[in-house]
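Geometric and topological summary
Take a look at the letters that make up each chain.
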Amino acid sequence: MRILSSIPSPAISYFDVGPLRIHFYAVFILIGIAVAILIGNRRLVDRGAEKWVVLDIALWTVPFGIIGGRLFHVLTHATDYFGPGKSAMEIFAVWNGGLAIFGALILGAFGAFVGCYQSGIKFLSFLDAIAPGVILAQAIGRWGNYFNQELFGKPTDLPWALEIARPNPAIPTGLPESATFHPTFAYEMLWNIAAFALLVFLDKRLDLRWGRLFALYLAVYSVGRFWIEGLRIDPSDVYFGLRTNQWSAVLTLAVGIAIFLWSRRRHTGVETTVLSDKKIAAAADEKAVLG
């Protein structure tokens, strides 16, 4: 009867292929990246970009995003890596989990800016094209948390409560061995899938360009993350009653709203191309030389 009243967690978090150990967390992150690239490519090509130019931009975006996500996580969970009994080398063990989306967005956006500049794609156009794929990638990546038995929430006896193996550093002391928990990573996965559908729908209906779809992505994701983060019980710094990532969600929501309002004032016309002025001028010069 117990298995009918709660969801068991996986007994393994990795599998071995010869001498190579492959962690499910890394697998789902890579699948998510691939999905985001495929969706981004399709959307950019539909708007006039060359096929697979998204790969040139991703070569900058993905490494910077991973570094940013890891740095943000480490800075907001410093006690997990520094201090008595801790090993700073664990900072590099990303397969154990710990990639913060807010840090990934900050440095990933910087990498995207560099990649767009070199590839001749408008930065805002790229952000709009990639936004639906990014939030779907986030949904896929949350499956890695399930295999790592991490990012779960407060105790609950709901039918979809999650069983967590002991010992687990995120479980507060004093809870009974039979305690089950909110699968908050699954809540975020479902929220992100719904947000993906919403972004695609609104983009088709409203033709959101000039960074507005990306701004909407920031806002929608942040609203869900703020609520879900409040259910989590893994260690986190708390300021004025809110966890660090709740404050990050509030700030990201504000940034999304600011980008949307700025875009409406700054760009009143129709976006006719995703190519940068430099790319258009270079193409015109090449055409003139050829004839």
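What you are looking at is a predicted structure, and each value in this text was computed from that prediction instead of being measured. The numbers attached to residues start from 1 for each chain and follow its sequence in the written order. In keeping with the model being predicted, local features are shown solely for residues with a pLDDT of at least 70 and side-chain atom pairs are shown and tallied solely at 80 or more, while totals for entire chains, interfaces and linings include all residues. Only hydrogens and water are removed before side-chain values are computed, so all heavy atoms of the structure are retained for them.

Quick notes on the packing of aromatic side chains
Applicable threshold: Any Phe, Tyr or Trp ring, taking Trp's six-membered ring, that has another such ring centre within 6.5 Å forms a pair; planes under 30 degrees apart are called stacked, those over 60 apart edge-to-face, and the others tilted. Each helix is a run of DSSP H or I of at least 4 residues and each strand a run of E of at least 2, with the numbering of both proceeding from the N terminus.
On inspection of all chains with the given rule, the structure shows 15 aromatic pairs. Taken together, a centroid distance of 5.4 Å and an interplanar angle of 85 degrees make the contact between Phe113 and Phe123 edge-to-face. Of this pair, Phe113 sits in helix H4 (residues 101-119) while Phe123 is found in helix H5 (residues 123-148), placing the two residues ten residues apart along the sequence. Feature note: the residues Phe15, Phe24, Phe28, Trp143, Tyr146, Phe147 and Phe185 constitute an aromatic cluster, connected by ring pairs.

Here we look at empty space enclosed by the protein
Our working definition: Cavity: a set of points on a 1 Å grid over the protein atoms alone where a 1.4 Å probe fits but cannot get out. Pocket: an open set with protein on both sides within 12 Å along at least five of seven lines, its lining residues, like those of a cavity, having an atom within 4 Å of a point. Grid points are joined across faces, edges and corners, and a volume is the space filled by probe spheres set on the points. Polarity classes work like this: nonpolar for Ala, Val, Leu, Ile, Met, Phe, Trp, Tyr, Cys and Pro, charged for Asp, Glu, Lys and Arg, and polar for all others, with Gly in that last group.
Taken as a whole and judged by the stated rule, the model has one cavity of 30 Å³ or more. Of the volumes computed, that of the largest cavity is approximately 760 Å³. If you list the elements that add at least two residues to the lining of the largest cavity, you get helix H2 (24-46), helix H3 (53-76), H4, H5 and helix H7 (212-229). Residues belonging to the lining of the largest cavity are distributed by class as follows: 24 nonpolar, eight polar and two charged.

Focus: the pairing of strand S1 (residues 14-17)
We apply this condition: Here, a strand pair is defined by DSSP locating no fewer than two bridges between the strands.
Where S1 lies against strand S2 (residues 20-23), four bridges are found, and the strand directions are antiparallel. Bridged to Asp16 within S2 is Arg21. Between S1 and S2, which pair antiparallel one after the other, the connecting turn spans two residues, and Gly18 there sits at a positive phi close to 65 degrees.

Examining unusual backbone geometry
Selection criterion: A 1.4 Å probe rolled over the protein chains alone gives each residue an accessible area, and that area as a share of the maximum for its type sets the label: buried under 20%, exposed over 50%, partly exposed in between.
Between Arg166 and the following residue, Pro167, the backbone shows a cis peptide bond with an omega angle of -5 degrees. Note that Pro167 resides in the loop between H5 and helix H6 (184-206). You will see that Gln149, though not glycine, has its phi angle at about 50 degrees, which is positive. Tracing the backbone shows Gln149 in the loop between H5 and H6. Exposure remark for Gln149: the relative accessible area of 15% places this residue in the buried category. Here the phi dihedral of Trp210 falls at roughly 55 degrees; this positive angle occurs in a residue that is not glycine. Looking at the element boundaries, Trp210 is found in the loop between H6 and H7. Classification of Trp210 by relative accessible area gives buried; the value is 14%.

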